[in-house]
Amino acid sequence: PRIDRVIYLFMAGGPSQLELLDYKPELQKYDSKPTPESYLKGKRFAFMDTFSKETPKLLGTRREFKQHGKSGLWMSELIPNIGSVADDIAVIHGVSTENFNHGPAKLFTNTGSVRPGRPSIGSWVTYGIGSESKDLPGFVVLQSGPRGPRGGAALWSSGFLPTSYQGVPFRSTGDPI
């Protein structure tokens, strides 16, 4: 099948995937219990010096999950209407990084690298499927807050692709583009 369009939601500060689309029944068994040593051994965690004082406790979801569609896609009660299109969307599980700091981890999630200079997912999609308009950008960026996300414009950069594939941020004041 041919892909006609992509809506990629990277919601830094949005609800956790564990509260939306990533049901973890095993995690529910450990809710409010200390993290097993086997999970912590050999791992580094940013800003977590309290581990030496007290073993951190795990937190399971507070949401109810149900399976939807023929695919049986698990979704939480936070997105009840998305279940009606469960077989028409793709949910990618398993994207992870060894980087534990927010800026580089966000860069990795959007470009596949913790170093700036690689094209973002939006740039690759626009490069691959094109745009319907010659006068409007094919890849737009919606930001919230005055500062923007950690990682900045590198998150929607075209990297080594031509700049016509770079994301165009919409502005809330003045000219929108």
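Definitions and limits used
Residue numbers restart at each chain and count upward from 1, following the sequence in its written direction. Local features in a predicted model are, by the rule used here, given only for residues with pLDDT of at least 70; side-chain atom pairs are given and counted only at 80 or more, and totals for whole chains, interfaces and linings are based on all residues. Excluded from the side-chain calculation are hydrogens and water; included are all heavy atoms of the structure. Throughout, the protein atoms alone are placed on a 1 Å grid, and a set of points is a cavity if a 1.4 Å probe fits but cannot get out or a pocket if it is open with protein on both sides within 12 Å along at least five of seven lines; lining residues have an atom within 4 Å of a point. Grid points are joined across faces, edges and corners, and a volume is the space filled by probe spheres set on the points. Here the term charged refers only to Asp, Glu, Lys and Arg, the term nonpolar to Ala, Val, Leu, Ile, Met, Phe, Trp, Tyr, Cys and Pro, and the term polar to all other amino acids, Gly among them. Pairing of aromatic rings covers Phe, Tyr and Trp, the last through its six-membered ring, and needs centres within 6.5 Å; plane angles under 30 degrees mean stacked, over 60 mean edge-to-face, and all others mean tilted. Helical segments are the DSSP runs of H or I of at least four residues, strand segments are the runs of E of at least two, and each set is numbered from the N terminus. When accessible area is computed with a 1.4 Å probe and restricted to protein chains, residues below 20% of their type maximum are described as buried, those above 50% as exposed, and intermediate ones as partly exposed.

Q: Now, about the layout of surface pockets: what can you tell me, with residues and values included?
A: Estimated volume of the second largest pocket: approximately 220 Å³. Lining the second largest pocket are 13 residues, with Thr126, Ser131, Ser133, Gly138 and Ser164 sitting closest to its centre. Per-class residue counts for the lining of the second largest pocket are 4 nonpolar, 7 polar and 2 charged.

Q: Could you give an account of the packing of aromatic side chains, with specific residues and numbers?
A: For any pair of aromatic rings, the description rests on two quantities: the centre-to-centre distance and the angle between the ring planes. Applying the stated criterion to the full structure yields 5 aromatic pairs. Judged by centre distance (5.8 Å) and plane angle (80°), the rings of Trp124 and Tyr127 are edge-to-face. With Trp124 and Tyr127 both in helix 4 (residues 121-129) and 3 residues apart, this pair spans about one turn of that helix. Owing to a relative accessible area of 36%, Trp124 belongs among the partly exposed residues under this scheme. Between Tyr127 and Tyr165, the aromatic rings sit 5.3 Å apart at their centres with planes inclined by 80°, giving edge-to-face as the arrangement. Residue Tyr127 is found in helix 4, and its partner Tyr165 is found in the loop between strand 3 (140-141) and strand 4 (168-169); the two are separated by 38 residues along the sequence. Judged by relative accessible area, Tyr127 falls into the partly exposed class, the value being 45%. Look at Tyr165 and you get partly exposed, because its relative accessible area is 21%.

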